[in-house]
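Take a look at the letters that make up each chain.
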Amino acid sequence: MIDGHGDDLFRYEGIRMNFSSNIYGHADLSALYDHLRCRMGVIGSYPEPSARSLEVLLADHYGVRADEVMVTSGATDAIWLVAQAFRHLHTFRVLAPTFSEYEDACRAFGYQESDTAALCWLCNPNNPTGQVRDDEEVMALAGRHEWLVTDQSYEDYTLAPVMTAREALRHGHIVQIRSMTKEYAVPGLRLGFIIAPAAVVDTLRGQYRPWAVNALALEAGKWLLREGCKAIPDLPAYLAEAQRLCGRLRAVDGIEVTDTQTNFMLCRLSHSPAAALKDHLAREKGMLIRDASNIRGLSTRHFRVTAQLPEENDALADAVSEYMEDLGHGH
């Protein structure tokens, strides 16, 4: 689903407020920009073939061995690589509604879907619902399948506890996918990584292309880890703001909002299609939301938004309320 993801900002002109991506859009990246300006010379040479220097730093950060970590060009790259490496299992299961890439990747490598599949995929925290499964639920799910892949790309956007890398490795049959893209709000750099038993990582390396992660991305990743930068300085305050936005949208007649433990929330219009709301907000208000109707298990009336600055969130809630009133859903 190359064209079916959120943050399709490239399709529109005049967008002033972007609620479409799951990522906080106001991170202060100025120090990173300054660092990369001083390191631009790296683009004149090939990068490391397998990003080992960044993997060593990540291993130290998560308290695991370097041979249990593999850096990829974004979490989506990791998803497709894992699907390729486990294709001998033949069957897969995805806990829907969720990110489409798990199913897309498995079907591309010839898997068949089954509730008793050998390979199970879990997005935790889940995109697009924002719900988080605790360790007990994750372990129970792992016990029902030969391998469990947990995509924890959004773990830095929740206060709910999620499974640690060490806990996953102790289990022995859990593969974790994580995202520096999300953690540090640098989606354009494409930085993801896999934490898995060393034998699995060795298999993955054998199927991965060389120089997959570009030199600037590697420089950024290493600098971000060393500096300990945070995209969101005050996560509790930001998540409280997300809950306030939930409340404002719930107050709009004709809108349902699913409970969320993250910065993004899944919404449903009572009658009209989400595509029409998205088009209206983009063209008339300069606001971009995520039409979630192409996610399996959802309807044409579902959309997702991510909390941004308070004034932007208020503007979105007002615009949605105005739109619904015009449709005849006003109080």
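Residues numbered from 1 in each chain as written. Predicted model: local features only at pLDDT ≥ 70, side-chain atom pairs only at ≥ 80, totals over all residues. Heavy atoms only, no water.

Trainee: What is the right way to read the overall build of the protein chain from this model?
Mentor: Check the secondary structure of the protein chain and you find twelve helices and 13 strands. Here the C-alpha atoms of the protein chain give a radius of gyration of 20 Å, agreeing with the 20 Å that 2.2 N^0.38 yields for 331 residues. For the protein chain, the share of sequence-separated contacts (at least 6 apart) that also reach a separation of at least 24 residues comes to 75%. Element-wise, carbon and sulfur atoms account for 50% of the exposed surface of the protein chain, whose accessible area totals about 14,400 Å². In the protein chain, 32 positive and 45 negative side-chain charges are present, and the distance between their average locations comes to 4 Å. (Helix = DSSP H or I, 4+ residues; strand = E, 2+ residues; numbered from the N terminus. Rg over C-alpha atoms; globule rule 2.2 N^0.38 Å. Contact = heavy atoms within 4.5 Å. Areas by Shrake-Rupley, 256 points an atom, 1.4 Å probe, with all protein chains shown as cover. Lys, Arg positive; Asp, Glu negative; His and termini not counted. Charge placed at Lys NZ, Arg CZ, Asp CG, Glu CD.)

Trainee: What's the story with the packing of aromatic side chains in this structure? I'm lost.
Mentor: Within the structure shown, the criterion is met by nine aromatic pairs. Plain terms: the ring middles of Tyr46 and Trp211 are 4.8 Å apart, the flat faces sit at 35 degrees to each other, and that makes the pair tilted. With Tyr46 in the loop between helix H1 (30–38) and helix H2 (52–62) and Trp211 in the loop between helix H8 (198–207) and helix H9 (215–227), this pair connects stretches of sequence that are 165 residues apart. According to the relative accessible area criterion, Tyr46 is exposed, its value standing at 68%. (Phe/Tyr/Trp six-rings, centres within 6.5 Å; stacked < 30°, edge-to-face > 60°. Buried < 20%, exposed > 50% of the residue type's maximum accessible area, 1.4 Å probe, protein only.)

Trainee: How should the packing of helix H11 (residues 274–285) against helix H12 (residues 310–326) be read in this particular structure?
Mentor: What describes two packed helices is the angle between their axes and the distance between those same axes. Contact geometry of H11 with H12 gives a least axis separation of 11 Å together with a crossing angle of 120 degrees. Judged on the interaxial angle alone, H12 and H11 are oblique. Two packed elements cross with a definite hand, and for H11 against H12 that hand is right-handed. Across from Ala276, Leu277, His280, Leu281 and Lys285 in H11, the residues of H12 making contact are Leu316, Ala319, Val320, Glu322 and Tyr323. Partitioned by chemical class, the residues of the contact of H11 with H12 number seven nonpolar, one polar and two charged. (Axes fitted to C-alpha atoms, helices over the stretch in contact; angles between N-to-C directions. Parallel < 35°, antiparallel > 145°, perpendicular 65-115°, else oblique. Left-handed = near helix turned anticlockwise from the far one by under 90°. Nonpolar A, V, L, I, M, F, W, Y, C, P; charged D, E, K, R; others polar.)

Trainee: Whenever I open this one, helix H10 (residues 235–250) confuses me. Can you help?
Mentor: The end-to-end C-alpha separation of H10 is 22 Å, in line with the 22 Å expected for 16 residues at 1.5 Å each. For H10, the full list of buried residues reads Leu235, Tyr238, Leu239, Glu241, Ala242, Leu245, Cys246 and Leu249. Buried residues in H10, looked at end-on, bunch into an arc of 150 degrees, giving them a common side. Here the buried face of H10 lies against strand E9 (255–257), strand E10 (264–269), strand E13 (302–306) and H12. At the N-terminal end of H10, a side-chain oxygen is found 3.2 Å from the backbone nitrogen of Ala237, two or three residues along, and the residue is Asp234. (Expected span 1.5 Å × (residues − 1). Arc of directions from axis to C-beta. Polar contact = N/O pair within 3.5 Å; in protein donor to acceptor, adjacent residues only side chain to side chain.)

Trainee: Explanation requested: the sheet that holds strand E8 (residues 192–195) in the structure shown.
Mentor: Pairing is mixed in the open sheet, where seven strands are placed in the order E2-E8-E7-E6-E5-E3-E4. Edge positions in the sheet fall to strand E2 (69–72) and strand E4 (112–113), since each has one partner strand and no second. One ladder, built from five bridges, connects strand E5 (residues 119–123) with strand E6 (residues 147–151); its direction is parallel. By the bridge assignment, Trp121 is partnered in E6 with Val149. The sheet strands contacting H8 are E2, E6, strand E7 (174–179) and E8, and the helix crosses E2 at an angle near 30 degrees. (Pairing = 2+ DSSP bridges.)

Trainee: Got a minute to help me understand the pairing of strand E3 (residues 91–94) in this structure?
Mentor: Consecutive residues of a regular strand have side chains that alternate between opposite faces of the sheet. The side-chain alternation of E3 yields one buried face, formed by Phe92 and Val94, and one unburied face, formed by Thr91 and Arg93. Two elements, E3 and E4, share two bridges in a ladder whose sense is parallel. Across the sheet, the residue bridging to Phe92 is Glu113, located in E4. Crossover E3 to E4 through helix H4 (residues 101–108) is right-handed. (Right-handed = clockwise from strand over helix to strand, strands pointing away.)

Trainee: Hey, could you run me through the packing of helix H3 (residues 75–85) against H4 in this one?
Mentor: Taken N-terminus to C-terminus, the directions of H3 and H4 make an angle of 35 degrees; their axes are 9 Å apart at the nearest point. Here the hand of the crossing between H3 and H4 comes out right-handed. Residue-level contacts link Thr76, Ile79, Trp80 and Ala83 of H3 to Glu101, Tyr102, Asp104, Ala105, Cys106 and Ala108 of H4. Grouping the constituent residues of the contact of H3 with H4 by class yields seven nonpolar, one polar and two charged.

Trainee: I would appreciate a short explanation of the state of the cysteines in the present structure.
Mentor: Joining two cysteines, a disulfide is a covalent bond between their sulfur atoms. In total, this model carries zero disulfides according to the counting rule given. Sulfur of Cys38: no disulfide; nearest cysteine sulfur belongs to Cys229 and is 15 Å away. Cys38 sits in the exposed class, given a relative accessible area of 68%. Here Cys123 stays unpaired: no disulfide links it, and the sulfur of Cys120, its closest cysteine neighbor, is 12 Å away. (Disulfide = S-S within 2.5 Å.)

Trainee: I would appreciate a short explanation of the nonpolar core in the present structure.
Mentor: Soluble globular proteins tend to bury their nonpolar side chains together. Among the nonpolar cores identified, the biggest contains 66 residues, and Leu58, Leu249, Ile255, Met265, Phe303 and Val305 are the most heavily contacted of them. In terms of residue count, H9 provides more of this core than any other element does, eight residues in total. Look past the residues within four positions of Leu249 in its chain and what remains in contact with it is Ile255, Val257, Met265, Cys267, Val305, Ala317 and Val320. (Core = buried A, V, L, I, M, F, W, Y, C linked by side-chain atoms within 4.5 Å.)

Trainee: What am I meant to see in unusual backbone geometry here?
Mentor: It is generally the case that most residues other than glycine have a negative phi and that most peptide bonds are trans. For the bond running from Ala96 to Pro97, omega is 0 degrees, close enough to zero to count as cis. Along the chain, Pro97 turns up in the loop between E3 and H4. Of note, the bond from Asn127 into Pro128 is cis; its omega dihedral lies within 30 degrees of zero at 20 degrees. In the Ramachandran plot, His90 falls in the positive-phi region, its phi being about 75 degrees despite a non-glycine side chain. You can see His90 is positioned in the loop between H3 and E3. Even without being glycine, Ala185 reaches a positive phi, approximately 60 degrees. Relative to the assigned elements, Ala185 resides in the loop between helix H7 (180–183) and E8. Ala185 sits in the buried class, given a relative accessible area of 7%.

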